[in-house]
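Listed below, chain by chain, are the residues.
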Amino acid sequence: MRIGPRPESPYNAQFHVQRSHTTGNKPMYKTHTCGELRLSHCDQTAMLAGWVNVRRDHGGLIFLDLRDRFGITQVVVDADKYPDAHAIASQARSEFVLKVAGTVRERPEGSANPTFATGEVELAAREVAILNHSETPPFYISDEADETDEALRLQYRYLDLRRPRMLRNLRLRHAIISDIRAYLAERDFIEVETPHLLKSTPEGARDFVVPSRLQQGSFYALPQSPQQLKQLLMVAGLDRYFQIARCFRDEDLRADRQPEFTQLDLEMSFVEPEDIRSLMEPLLIQLAQDHQSCRIQETPFPVLTYRECMDRFGTDRPDLRFGVELFDATRILQESGFKVFSGAVARGGVVKGVVHPGGAGLSRREMDRLTELARQGGARGLAWLGLEHDVADASDIGDGTFRSPIARHLDPRELAGLVAAAGARAGDMILLVADAESVVAASLHLLRSDIGRTAGLIDPDLFAFCWVTDFPLLEMDAEAGRWMAVHHPFTSARDQDWDRLEDDPGSVLAKAYDVVLNGWEIGGGSIRIHDQARQQQLFRALGLPDAEVQQEFGHLLKAFRYGAPPHGGIAMGLDRIVALWAGATNIRDVIAFPKTATGSDLLFDCPAPIDSEQLLELGIDVTV
RNA sequence: GGAGGCGUGGUGUAGCGGUUAGCAUAUCGGCCUGUCAAGCCGAAGGUCGCGGGUUCAAAUCCCGUCGUCUCCGCCA
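To start, this report covers the structure provided alongside it. (Residues numbered from 1 in each chain as written. Chains lettered and ligands numbered in written order. Predicted model: local features only at pLDDT ≥ 70, side-chain atom pairs only at ≥ 80, totals over all residues. Heavy atoms only, no water.)

**Focus on the overall build of chain A**
- A tally of helices and strands in chain A yields 17 helices and 24 strands.
- Principal-axis analysis of the C-alpha atoms places the extent of chain A at approximately 95 × 70 × 50 Å.
- Within chain A, the proportion of its 624 residues that are buried is 49%.
- Taking all contacts inside chain A whose residues are at least 6 apart in sequence as the whole, residues at least 24 apart take part in 66%.
- Of note, chain A has its 68 positive side-chain charges centred 2 Å away from the centre of its 91 negative side-chain charges. (Helix = DSSP H or I, 4+ residues; strand = E, 2+ residues; numbered from the N terminus. Buried < 20%, exposed > 50% of the residue type's maximum accessible area, 1.4 Å probe, protein only. Contact = heavy atoms within 4.5 Å. Lys, Arg positive; Asp, Glu negative; His and termini not counted. Charge placed at Lys NZ, Arg CZ, Asp CG, Glu CD.)

**Observations concerning the protein's contact with RNA strand B**
- Around RNA strand B, a shell composed of 55 residues is seen, among which Asp80, Ser111, Tyr140, Gly204 and His487 lie nearest.
- Sugar and phosphate atoms form 48% of the subset of RNA strand B atoms that lie within 4 Å of the protein.
- A distance of 3.1 Å separates a base oxygen of RNA strand B from a polar side-chain atom of Asp78.
- Taken together, the elements giving at least two residues each to the surface near RNA strand B come down to strand 1 (45–57), strand 2 (61–68), strand 3 (71–78) and helix 3 (150–155).
- With four residues, the top contributor of residues to the surface near RNA strand B is strand 1. (Near = heavy atom within 4 Å. Polar contact = N/O pair within 3.5 Å; in protein donor to acceptor, adjacent residues only side chain to side chain.)

**Let's talk about the layout of surface pockets**
- Empty space within the second largest pocket amounts to approximately 650 Å³.
- No other element matches the three residues that strand 7 (residues 209–211) contributes to the lining of the second largest pocket.
- A per-class count over the lining of the second largest pocket returns 15 nonpolar, two polar and seven charged. (1 Å grid on protein atoms, 1.4 Å probe; cavity = no way out; pocket = protein on both sides within 12 Å on 5 of 7 lines; lining within 4 Å. Points joined across faces, edges and corners; volume = space filled by probe spheres on them. Nonpolar A, V, L, I, M, F, W, Y, C, P; charged D, E, K, R; others polar.)

**Considerations on a negative patch on the surface**
- On the surface, Asp499, Glu502, Asp503 and Asp504 cluster together to form a negatively charged patch.
- One can find Glu502 in the loop between strand 21 (482–485) and strand 22 (512–517). (Patch = residues over 30% accessible without salt bridge, like charges linked within 9 Å, V, L, I, M, F, W, Y side chains within 5 Å. Areas by Shrake-Rupley, 256 points an atom, 1.4 Å probe, with all protein chains shown as cover. Salt bridge = Lys/Arg side-chain N within 4 Å of Asp/Glu carboxyl O.)

**Topic: the environment of Leu431**
- Turning to its location among the elements, Leu431 is positioned in strand 17 (residues 429–435).
- For the pair Leu431 and Ala383, spaced 48 residues apart in the sequence, the C-alpha separation amounts to 5.8 Å.
- When near neighbours in sequence (up to four residues on either side) are disregarded, Leu431 contacts Lys352, Gly353, Val354, Met367, Leu370, Leu382, Ala383, Trp384, Leu447 and Ile451.

**Looking at the pattern of salt bridges**
- Counted according to the given criterion, the structure contains 40 salt bridges.
- Put simply, Arg165 and Asp146 hold a salt bridge, and the shortest N to O gap is 1.8 Å. Of this pair, Arg165 sits in helix 5 (residues 164–186) while Asp146 sits in the loop between strand 5 (121–132) and helix 3; the two residues are 19 residues apart in sequence, bridging distant segments of the chain.
- Of the charged contacts in the structure, one is a salt bridge between Lys595 and Glu260, with a shortest N-O distance of 3.3 Å. Note that Lys595 is positioned in the loop between helix 16 (574–582) and helix 17 (612–618) and Glu260 in strand 10 (residues 260–269), a separation of 335 residues in sequence.
- What emerges from the salt-bridge pattern is a single network uniting Asp143, Asp146, Arg153, Arg157, Asp160, Arg163, Arg165 and Asp589.

The structure is reproduced here in structure tokens:
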């Protein structure tokens, strides 16, 4: 098949109507877009086509706000001058598709509408044609429909996407992707597509599988990411690869997780972590500057180690827009007579806390809510001390110093040490959790995030990026009873850590890095293992039997025998990036056709059963 | 797998044991020539998600279930 030049359409224009104008390739239905007419067009004849956004019928005079992707233009239809046009316009209703021809004119003195770019002019209609009728839409085609039940919006997604906010999000997504492509192309990256029908891999997320008709009983798996493919492309000598890649993971969903999502996936040869960071950081800065009004808190992006993140924030994706850092009270309370604390320490746990600035006066009800939050993190409870007066040392402590159910269990020396460690002042609320380190971290992270939101500590116009490095390579999986890769099993250990892999696997750190923005992990990557022997060493550390390794990863190990270059890369969560840039609280709002939390598409009504013939052909027997 | 929130005319909501199920908006009809979510007058529109239970009486209380949202587990 011959591939011809792509026809230019005004709809390809990124933002501006100007381009549509200069293509000289107007559709037959219109001479201008609905966002195009200005005073300079006055007295010209124009033809517009679009949807009725609003109709205002004054009897002898009808105003129609005609909307298309590019804007809204007011059409006026006068019964005296053009009775035929008026008769048709009076039948028009919301979301009817119209074609209107007439004369562009300045609006009468005092009736311009600065809300619209076209607000100084109107189209005086001579001819109106109804191109299509519309049923009354189930919700307003307006940004106010954000209040509408999201399920209804998803069911009528094609109407939802007519709303300015959703349209803006789709445009933003397109603009970001375009800029990414241009940025990487300038730097010698090659975009390569990789297969969606591939092989299931153990480790990692659950796979979506696709049955094979030609080989009944066998299945493809949709890739969780193009990880192995991009490594093979490095072996192939591509040197620099990227892809706007669709990834599939059959795991439970969240506001920031969809079963299929989009990554900017890239890989480079002959690099160390610093190379990847210095490639991505200017890109993120450029995207922020070009498509966001937010101020970037700090450049170069701060680099924190995983350990530091966990100690200071209880999470490896800290929101750096505000303080409220964790403090450690383990040593102060380890010998306390209050067993909640000393007992936890005796069991190998820690006592840590955060300060809620100005939170001393929080209601009992509010404290119950925070306690519940701590429980969500796994804690058994939450200890709290509202500080009524400043405390310099133990002698300052009296009956009215604390508002707290637990202060009476602690002696003045412990209390003074606690206040000092917390850095708390009069009016603050100290929150404490005592448990295993991971539980304390999880609970305090939830509390800190909540405090940041509810206490108004977050500047919404701030972008706080950071890199997180030095992740552990492995973690012990209690259920499986073996070590698992924290990132993925192709991640390289730091050079100096390899010889501890057998004896002390938990201490080995990885050449892995994440990019975090405002508490969202927006990307992560690593330097990979490019040596066959090292890769096998790691598979052994993971306790994977050789036979299984050969079956699952033999292709990769074999490729490594043919001169694999040192390489590494990163995957950026494109949906999350666009969501953060768009100010959206979930990624569904930046995906044209997303799925619900139960993985349903409400527009297509799927997943759905398939008929028995299809099953037979695939050799599948459904038992549920 | 677990926890919690929500579900009332098309939409957004009020009502939380006895109401004629209220309000706003949309819709339909009438009037209306400078509006811009036009205005005024009028009308129609409800299996209170579904099933069961408690009660003389359930939108309201209880149990189950479905849908949806958020979080925990999970997401190499």
